[in-house]
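# Coordinates in review
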Amino acid sequence: MTSVELRRLYLDFFHREGHAVLPSSSLVPDDPTLLFTSAGMVQFKDIFWGRVAPAHPRVTTCQKCFRTTDIERVGTTAYHHTFFEMLGNFSFGDYFKEGAIELAWRFLTGELGLPPERLWVSVYEEDNEAYAIWRDEIGIPADRIVRLGKDHNWWGPVGDRGPCGPDTEIFWDWGPEYGCGPDCPGPSCDCDRFSEIWNLVFIQHDAQPDGTLRELGRKNIDTGMGLERMTAVLEGVHSNFDTDLFAPIVEAIAASAHSTLADHRSRNLVADHIRAVVFLVADGVRPGSEAQGYVLRRVLRRMVRAADALGLREGRLTALVDPVVRALGTVYPEIEERRSLVEQVIAHEEKTFRRTLRAGEARLREALAELSQEERVPGRVVFELYDTYGFPPELTKEVAGEHGFSVDWAGYEQEMEAQRVRSRRVIEADARAPGTEPGAVKAEVRSRTEFVGYASLEVESDLAAILEPAGGEVTQVGAGDWRFVFTRTPFYAEAGGQVADTGWIDNLSRPGRADVLDVQKSPHGTLHTVRVTTGEFRPGDRCRLVVDEPRRRKVERAHTATHLLHAALRRALGEHVIQAGSAVGPEEFRFDFTHFAALTPAELAGVEELAFAPVLQDLPVRVEELPLAEAKRKGAIAHFEEEYRGKDRVRVVEVPGISMELCGGTHVRRTGEIGPIVLLSEEAVGAGTRRLRVLVGEAARRHLAQLREERKQLAALLDVPEGEVLSGATKLLDEAKALRRRAESLAGELAALRSQEAAVGAREADGTKLASTIVEGGVDEAKRLADALAAQLGRSVVVIGARAEGRGIVVAKVVDEPRVSAGDLVRIACQALGGKGGGRATFAQGGGPNGEALPQAIANAIAHAEARLRGA
């Protein structure tokens, strides 16, 4: 059975058993406490924690997951991965232990046809209920049921409190020939005989901060079956890397490698990491120095180092994207859509990393130069090379050995352990929302606020609830800031980069008026942040909600313009361009997109022209709701597809022949409403991400009018017609450059004359000329004269003073005289000037506010130089 068949069979089986089949969520969860989606339950965390009511009592998914907890073991074992797929079935207050175990057993032995005698199970040592179900109802002999402690068969809580409970694991027995001998204790052994294929978690307790456990009123089931491990069992191979999930990648590596593939560790690491990179980039992660971006960069760099070990030449890693897409693109279409982007990210990061490796080699050479022959390379240096430069510790050892040095491995391990502790603090961050106690607080789930603002900007609605800024409900409010929840609203809540609507609310039940300052979505309905200006409001009041229409129209112009701009960028630069973020306000917006080089002026002009062309055409903007699959078939682009997965229908915004995107924002009716589009600036905001700032509509017109007025003023200043401003400015600049060159030439001639005068007064001390003088004109004049005088005198000490706006300036130059330091001369002179200065032994400068003391300052410096030369 192939992995494709297993995935389909699993979801179909649980669908027949009453489970809603939901799509995988993104690898980047909508949860600030988590870096990545590391398990199937992540997208249901709020349900498990009791914050949100479940839409379905039974759910099944195939979830794409990413973990780095065992990244050092990837490639060294047959089954550790960073990216993997987790098949799971979930019950929210529906079936519990008996139902979960019975379903699992039926699927394994019935649907998959696995021989029951090859299956073992483990249970939590105190979970007599699960043990009895396996033994008495399923019929597994007691000698194949293993009781284990909390370190093996217990899940949670995340942090020091919250949902948790025992679990039971199902193992495949590969046979005694894979074991450690007749005394093998069973699934708890680390030998290769047993492979864990399914984990069933019974979430039945609510852990308290004091360590006690409370029984949950609603008990839940969370299960996870690793697709890769189960596929290996079904295909009869002991290593996941020999399954159909990895075979195309491994074959591509073999075709590109310049060495034999005896190094299975490096081969498997590359095969694993390329899958992780493809999916992370497709889900919006970009290499960086923080959070998800840091992890992606680390994975990429590990892959490059392993590729080097295999003899894969630079640039060949991008060829491995294709087998990943061929194997999984039909299941996860986002990796097909963003293939070009993934390839560019890999190519760019590989090139950058190779430069970093060279920098690491230079840093190691510096460190070795500082060591005595008896010393070892400090552990902190080994860690710095690894963590900062991505320099492999084993390579540090090799290079150090070539120079006769050993490595302080104990110190390195201490640094690594400190990093692991820091990482665990992130990974194990309390998954609770601030101010909540999961499991102990029942979520108050209100019906969602109906949004009617696409069609109407003014509606009447009942005030469902009033909240304080801190969140508590109140029954009557007057002047002040509050949060209102209505049964329906015309106000657009901030989402998808578009700012929230503003406007006002009139109370129709009693005197009262409030300004709407902000609108945000929440599980309890749409929250309107308001400022009550007159009267009062109470829950149940009938109100009129009015959106600020002129402002809404400005926002609509900007939002539709982002769609035109995105289409223009993809047409001008390539389909690797993907929207990476936006901030859409009234008639202006910023637009972030994936690209790996600054746009040239010609490219910017071309993009602006392409974006504006549909405005002149005055095309209709069509909006319709479709099933996600149908929208994708029609060619709709979903920038952040995870926002739409699981929805029955999605909103498609189309400008015919130009753009088709999934979007929940507000838009103009026709493109002609947008008006002018002006690109203000373009800049980098991260590796592989660029940002455009754009004006549209009236804001763009005002900007162009301002430029036109400035052009008129420039024409008047240059005394040329408006159409000749550029040529007039160019002519004026050319004249200024010519005058500057003439002035510099005259200054050089003047310095030469002054140097001749100063040279006449020079005196000699032990074969070295001493010369000094004071000029007007500032530090540049002083430097010029010092250079001219030194060139004329040869072996010499020259000290030049200058006055500028009351300050004294000193420049010293020493030629072919090691006994005197120019830096010392300037420091001595600056003491008299009340300032400071310094520089090299051959040239230095400085100054101070006491310009009147300049003659004395120079005299002090010359006296010091003469004393050094005469040996005084």
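Given the structure is predicted, the values throughout are model-derived calculations rather than measurements.

The rules behind each value
Residues numbered from 1 in each chain as written. Predicted model: local features only at pLDDT ≥ 70, side-chain atom pairs only at ≥ 80, totals over all residues. Heavy atoms only, no water. Helix = DSSP H or I, 4+ residues; strand = E, 2+ residues; numbered from the N terminus. Buried < 20%, exposed > 50% of the residue type's maximum accessible area, 1.4 Å probe, protein only. Areas by Shrake-Rupley, 256 points an atom, 1.4 Å probe, with all protein chains shown as cover. Lys, Arg positive; Asp, Glu negative; His and termini not counted. Charge placed at Lys NZ, Arg CZ, Asp CG, Glu CD. Expected span 1.5 Å × (residues − 1). Pairing = 2+ DSSP bridges. Axes fitted to C-alpha atoms, helices over the stretch in contact; angles between N-to-C directions. Contact = heavy atoms within 4.5 Å. Parallel < 35°, antiparallel > 145°, perpendicular 65-115°, else oblique. Left-handed = near helix turned anticlockwise from the far one by under 90°. Nonpolar A, V, L, I, M, F, W, Y, C, P; charged D, E, K, R; others polar. Polar contact = N/O pair within 3.5 Å; in protein donor to acceptor, adjacent residues only side chain to side chain. pLDDT = per-residue confidence, 0-100. Disulfide = S-S within 2.5 Å. Salt bridge = Lys/Arg side-chain N within 4 Å of Asp/Glu carboxyl O. Core = buried A, V, L, I, M, F, W, Y, C linked by side-chain atoms within 4.5 Å.

As a further point, take the overall build of the protein. When helices and strands are counted, the protein shows 23 helices and 31 strands. Dimensions of the protein, computed from C-alpha atoms along their principal axes, come out at roughly 115 × 80 × 55 Å. The burial tally for the protein puts 50% of its 872 residues in the buried class. Carbon and sulfur atoms form 49% of the exposed surface of the protein, whose accessible area is close to 39300 Å². Here the protein contributes 108 positively and 131 negatively charged side chains, and the mean placements of these two sets differ by 4 Å.

Further remarks concern helix α16 (residues 549-573). Taking 1.5 Å per residue as the helical rise, α16 with its 25 residues ought to reach 36 Å, and the 36 Å between its terminal C-alpha atoms agrees with that figure. Across the 25 residues that make up α16, a large majority, 18, are buried. Downstream of α16 by a residue or two, G574 has a phi angle that is positive, lying close to 130°.

Turning our attention to the sheet that holds strand β30 (residues 836-839). The strand order across the open sheet formed by six strands is β26-β27-β28-β29-β31-β30, and the pairing between neighbours is mixed. Edge positions in the open sheet fall to β26 (763-765) and β30, since each of these has one partner strand only. For this sheet, the mean inter-axis angle between neighbouring strands, taken without regard to orientation, is 20°. Summarising the sheet, strand β28 (residues 796-804) and strand β29 (residues 807-815) pair through nine bridges and their orientation is antiparallel. Bridging across to β29, A802 finds its partner in I809. Across the sheet, helix α21 (residues 779-793) touches β27 (768-776), β28, β29 and β31 (843-848), and the angle it forms with β28 is around 160°. Of the strands in this sheet, β26, β27, β28 and β29 are in contact with helix α23 (residues 854-869), which crosses β27 at around 170°.

Another aspect to go through is the pairing of β28. Within β28, seven of the nine residues are buried, which leaves it mostly tucked inside the rest of the structure. Remark: two residues form the turn of the hairpin made by β28 and β29, two consecutive strands paired antiparallel; E805 in that turn has positive phi of roughly 55°.

Turning next to the packing of helix α22 (residues 822-833) against α23. At their nearest, the axes of α22 and α23 sit 8 Å apart, and the two run at 150° to each other. As judged from the angle between their axes, α22 and α23 are roughly antiparallel. Relative to α23, the crossing made by α22 is right-handed. Residues D824, L825, I828, A829, A832 and L833 of α22 form the contact with α23, whose participating residues are L854, A857, N860, A861, H864 and A865. Classifying every residue of the contact of α22 with α23 by side-chain character gives nine nonpolar, two polar and one charged.

The next thing to look at is the side chain of N507. For N507, the position within the fold is in strand β15 (residues 503-507). One polar contact links the side chain of N507 to the main-chain amide nitrogen of S509, over a distance of 2.9 Å. The residues touching N507, leaving out its near neighbours within four places in the chain, are G512, E536, F537, D541, R542 and C543.

What follows concerns the confidence of the model for the protein. Mean pLDDT over the protein: 85, with 92% of residues reaching 70 or higher. Ranking the helices and strands of the protein by mean pLDDT puts β15 first, with 95, and helix α15 (residues 409-427) last, with 67. Under a pLDDT of 50 for its full length, residues 423-446 has, in the predicted model, 46 contacts with residues more than four places off or in other chains.

Right, let's get into unusual backbone geometry. The omega torsion across G156 and P157 is -5°, close enough to zero to call that bond cis. Topologically, P157 is positioned in the loop between β6 (154-155) and β7 (162-173). Here the phi dihedral of D618 falls at roughly 50°; this positive angle occurs in a residue that is not glycine.

Put plainly, a disulfide is one covalent bond tying together the sulfur atoms of two cysteines. Counted according to the given criterion, the structure contains zero disulfides. The cysteine C65 is free of any disulfide, with C62 supplying the nearest cysteine sulfur at 8.4 Å.

On to helix α6 (residues 227-235), then. The buried fraction of α6 is high, at seven of nine residues. At the exit of α6 stands G236, carrying a positive phi of roughly 70°.

A few words now on the pattern of salt bridges. Counted under the stated rule, the structure contains 54 salt bridges. Among the salt bridges present, the one from R819 reaches D766, with a minimum N-O distance of 2.6 Å. Here R819 is found in the loop between β29 and α22, whereas its partner D766 is found in the loop between β26 and β27, with 53 residues between them in sequence. The exposure class of D766 is partly exposed, given its relative accessible area of 48%. Ionic contacts of the salt-bridge type, sharing partners, join the residues D501, E549, R552, R553, E556, R669 and E673 into one network.

Our focus in this paragraph is the sheet that holds strand β19 (residues 579-585). Strands in a sheet are paired, the pairing made by backbone hydrogen bonds, and the direction either parallel or antiparallel. The antiparallel open sheet is built from four strands, whose spatial order is β19-β20-β25-β24. The open sheet has two edge strands, β19 and β24 (677-686), and neither has a second partner. With direction set aside, neighbouring strand axes in the sheet form an average angle of 15°. The sheet contact formed by β19 and strand β20 (residues 588-594) spans six bridges and is antiparallel. Looking at the pairing, V584 lines up with F589 of β20. In this fold α16 packs onto β19, β20, β24 and β25 (689-696), with an angle of close to 30° to the strand it touches most, β20. Packed on one face of the sheet, helix α17 (residues 601-617) meets β24 and β25 and runs near 130° to β24.

With that out of the way, let us pick up the nonpolar core. Ranked by size, the top nonpolar core spans 108 residues in total, and within it L108, W134, W198 and M230 carry the most contacts. Sort the elements by how many residues they give to this core and helix α8 (residues 264-282) lands first, with eleven residues. Residues within four places of L108 in sequence aside, it is in contact with G113, L114, L119, I170, I197, W198, M225 and M230. One finds A558, A568, V621 and V655 within the second-largest nonpolar core, a separate group that totals 29 residues.

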